[in-house]
Amino acid sequence: FFFSVCVGQRVGGGLNYRIKMPSPTYYRNYGKTFKRPRRPFEKERLDVELKLVGEYGLRNKRELLRVQFALSKIRKAARILLTLDEKDNKRLFEGDAIMRRMTRYGLLDETQNKLDYVLALTASDFLERRLQTQVFKLGLAKSIHHSRVLIKQGHIRVGKQIVNVPSFLVRLESQKHIDFALKSPFGGGRPGRVKRKAQASGGKGDDEEDDE
């Protein structure tokens, strides 16, 4: 619920009240999704981030900061659990949950079943599991940037569901179900606008397809 603050001011011998509303940021009902670095102009870090942005076809630095923020929260949870006794109920319950999640998303294999392996994870491990990266590695796209275009324009499905979010993390069990959408021109659906126009005019351009 919302509330306001009444501030009293004495004006002309009387007391005049005015309503002071809290800052709009007070009503924020969502958490932070990324965190900016403490040293924004550190050359070594900037070079590494620029390489990752180009290698994985990210749109901007914020996409990388989101991954780093998620990784830092997981690593922090693992560090806290490692300070507890090995037979502690919290460590057993929450530690198993973290390991199952890491294995399900292919970040760790089944032999790496200790929390110490979670601390060794890097941002590259998370970026490898993005749908954009998986589509390119499966050979469905000509480049990592073409992969992003195909996903954003609705040509890619995971199972029966069309996914248009390049940052979608692919589970191991879903990786083999990545393919072109059934209604996509690339998946045997209706031809694109340019190809339909070429066919109607009887001219050349049968190889042209519109990505829209």
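Everything quoted here is computed from the prediction, not taken from an experiment.

### Examining the overall build of the chain
Okay, step 1: A count of helical and extended segments in the chain gives nine helices and five strands.
Okay, step 2: When the helices and strands of the chain are read in sequence order from the N terminus, they spell out β-β-α-α-α-α-α-α-α-β-β-α-β-α.
Okay, step 3: Looking at the chain residue by residue over its 212 residues, the buried ones come to 31%.
Okay, step 4: In the structure as shown, the chain presents an accessible area of about 15,100 Å², 52% of it carried by carbon and sulfur atoms.

### What about helix α2 (residues 61–82)?
Okay, step 1: Taking 1.5 Å of rise per residue, 22 residues should cover 32 Å, and α2 covers 31 Å from first to last C-alpha, within 8% of that figure.
Okay, step 2: Among all positions of α2, only Glu63, Leu64, Leu65, Val67, Phe69, Leu71, Ile74, Ala78 and Leu81 are buried.
Okay, step 3: In the core, the buried residues of α2 are packed alongside α1 (43–55), α3 (89–104), α4 (115–119), α5 (123–128) and α7 (144–152).
Okay, step 4: Two to three positions downstream of the cap, the backbone nitrogen of Arg62 sits 3.2 Å from a side-chain oxygen, assigning the N-cap of α2 to Asn60.

### Some thoughts on the packing of α1 against α2
Okay, step 1: Viewed as axis vectors pointing N to C, α1 and α2 meet at an angle of 105 degrees, and their least axial separation amounts to 10 Å. The orientation of α1 relative to α2 falls into the category roughly perpendicular. Listed contacts from α2 to Leu46, Glu49, Leu50, Leu52 and Val53 of α1 are Lys61, Leu64, Leu65 and Gln68.
Okay, step 2: Here the contact of α1 with α2 is composed, by residue class, of six nonpolar, one polar and two charged.

### Notes on the confidence of the model for the chain
Okay, step 1: Taken as a whole, the chain shows an average pLDDT of 87; of its residues, 82% reach a score of 70 or greater.
Okay, step 2: This model gives residues 1–5 a pLDDT under 50, and the stretch forms eleven contacts once residues within four places in sequence are excluded.

### Some details on the nonpolar core
Okay, step 1: Leu64, Met102, Val118, Leu121, Phe126 and Leu127 are the most contacted members of the largest nonpolar core, which has 22 residues in total.
Okay, step 2: Element by element, the count of residues in this core is highest for α2, at six residues.
Okay, step 3: Not counting residues up to four positions away in its chain, the partners in contact with Leu121 are Leu71, Arg75, Met102, Leu107, Leu108 and Phe126.
Okay, step 4: Judged by nonpolar contacts, the second largest core, of twelve residues, contains Leu140, Ala141, Ile156 and Phe180.

### Observations regarding a positive patch on the surface
Okay, step 1: A surface patch of like charges, here positive, comprises Lys32, Lys35, Arg38, Lys76 and Arg79.
Okay, step 2: Tracing the sequence through the fold places Lys76 in helix α2.

### Observations concerning the environment of Asp116
Okay, step 1: One can find Asp116 in helix α4.
Okay, step 2: Residue Asp116 is classed as partly exposed on the basis of its relative accessible area, which comes to 47%.
Okay, step 3: Considered as a pair, Asp116 and Leu82 are 34 residues apart in the sequence and their alpha carbons are 8.2 Å apart.

### Here we look at the pattern of salt bridges
Okay, step 1: Summed over all chains, the structure comprises eight salt bridges.
Okay, step 2: A salt bridge links Lys43 to Asp47, with the nearest nitrogen and oxygen atoms 3.0 Å apart. You can see Lys43 and its partner Asp47 sitting in helix α1, four residues apart, about one turn around the helix.
Okay, step 3: For Lys43, a relative accessible area of 57% corresponds to the exposed category.
Okay, step 4: For Glu63, the salt bridge goes to Arg130, with nearest N and O atoms at 3.9 Å. Here Glu63, found in helix α2, pairs with Arg130, found in the loop between α5 and α6 (131–137); they are 67 residues apart in sequence, far enough to count as distant.
Okay, step 5: On the basis of relative accessible area, Arg130 is assigned to the buried category, the value being 3%.

### Brief notes about the environment of Leu131
Okay, step 1: Secondary-structure assignment places Leu131 in helix α6.
Okay, step 2: Leu131 sits in the buried class, given a relative accessible area of 0%.
Okay, step 3: Spatially, the C-alpha atoms of Leu131 and Arg148 are 8.8 Å apart, while their sequence positions differ by 17 residues.
Okay, step 4: Those residues in contact with Leu131 that sit more than four places away from it in its chain are Ser147, Ile151, Ile156, Val158, Val163, Val165, Pro166, Phe168, Val170 and Ile178.

### Details of the environment of Leu182
Okay, step 1: In this structure, Leu182 sits in the loop between β5 (178–180) and α9 (193–201).
Okay, step 2: Remark: the alpha-carbon pair of Leu182 and Ile156, spanning 26 residues in sequence, is separated by 8.9 Å.
Okay, step 3: The contact partners of Leu182, leaving out residues within four places of it in the chain, are Arg157, Gly187, Gly188 and Gly189.

Cut-offs used in this document
- Residues numbered from 1 in each chain as written.
- Predicted model: local features only at pLDDT ≥ 70, side-chain atom pairs only at ≥ 80, totals over all residues.
- Heavy atoms only, no water.
- Helix = DSSP H or I, 4+ residues; strand = E, 2+ residues; numbered from the N terminus.
- Buried < 20%, exposed > 50% of the residue type's maximum accessible area, 1.4 Å probe, protein only.
- Areas by Shrake-Rupley, 256 points an atom, 1.4 Å probe, with all protein chains shown as cover.
- Expected span 1.5 Å × (residues − 1).
- Contact = heavy atoms within 4.5 Å.
- Polar contact = N/O pair within 3.5 Å; in protein donor to acceptor, adjacent residues only side chain to side chain.
- Axes fitted to C-alpha atoms, helices over the stretch in contact; angles between N-to-C directions.
- Parallel < 35°, antiparallel > 145°, perpendicular 65-115°, else oblique.
- Nonpolar A, V, L, I, M, F, W, Y, C, P; charged D, E, K, R; others polar.
- pLDDT = per-residue confidence, 0-100.
- Core = buried A, V, L, I, M, F, W, Y, C linked by side-chain atoms within 4.5 Å.
- Patch = residues over 30% accessible without salt bridge, like charges linked within 9 Å, V, L, I, M, F, W, Y side chains within 5 Å.
- Salt bridge = Lys/Arg side-chain N within 4 Å of Asp/Glu carboxyl O.
- Lys, Arg positive; Asp, Glu negative; His and termini not counted.
- Charge placed at Lys NZ, Arg CZ, Asp CG, Glu CD.

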